[in-house]
Amino acid sequence: MTHRARHKERQHFPGSSADVPRRDAVPGRGEFLEFLGLTLAVGAFTLFVVRPEASAALVQLAARAAAFVP
């Protein structure tokens, strides 16, 4: 029979919770940020599909903003 090594996790880890592997400093924050990013991406995709002229307006807006950069 093959013996499989199991990694034992220490119950008490010295340091902050951000130093603990596979653990967020704020529980649930990663999931919220992922949801927010996906929502923004889907919204932008929908906007460009429904209103193709929005991409042209976005390019004009970026060009105007770039004109202010020295």
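Since we're looking at a predicted model, the values are computed, not measured. Per-chain numbering applies: the sequence of each chain, read as written, is numbered from 1 onward. pLDDT decides what is reported in this predicted model: residues at 70 or higher carry local features, side-chain atom pairs at 80 or more are listed and counted, and totals for whole chains, interfaces and linings draw on all residues regardless. As a rule here, side-chain values come from all non-hydrogen atoms in the structure, and water together with hydrogens is ignored.

**Student:** Provide a residue-level description of the overall build of the protein chain, including the pertinent values.
**Tutor:** Each helix and strand counted, the protein chain has 2 helices and 0 strands in total. Each residue gets one of three labels from its accessible area relative to the maximum for its type: buried under 20%, exposed over 50%, partly exposed in between, using a 1.4 Å probe on protein chains only. Counting the 70 residues in the protein chain, one finds 3% classified as buried. Here the Shrake-Rupley method, with its probe set to 1.4 Å, supplies the accessible areas, and only the displayed protein chains count as covering residues. Summed over all atoms, the accessible surface of the protein chain reaches about 7100 Å², with 64% contributed by carbon and sulfur. A run of DSSP states H or I qualifies as a helix once it reaches four residues; a run of E qualifies as a strand once it reaches two. Both are numbered from the N-terminal end.

**Student:** Requested: an account of the pattern of salt bridges, with residues and values cited.
**Tutor:** By salt bridge we mean one thing: a side-chain nitrogen of Lys or Arg within 4 Å of a carboxyl oxygen of Asp or Glu. Per the stated rule, a full pass over the model turns up 1 salt bridge. For Arg51, the salt bridge is made with Glu53, and the minimal N-O distance between the two is 3.8 Å.

**Student:** Kindly report on a nonpolar patch on the surface, identifying the contributing residues and their values.
**Tutor:** A cluster of nonpolar residues, Phe32, Leu33, Phe35, Leu36 and Leu40, forms a patch on the protein surface that exposes about 540 Å² of accessible area. Inspection of the secondary structure puts Leu40 in helix α1 (residues 29-50). Patch criteria: residues need more than 30% relative accessible area and no salt bridge. Like-charged residues are merged within 9 Å; nonpolar side chains of Val, Leu, Ile, Met, Phe, Trp and Tyr are merged within 5 Å.

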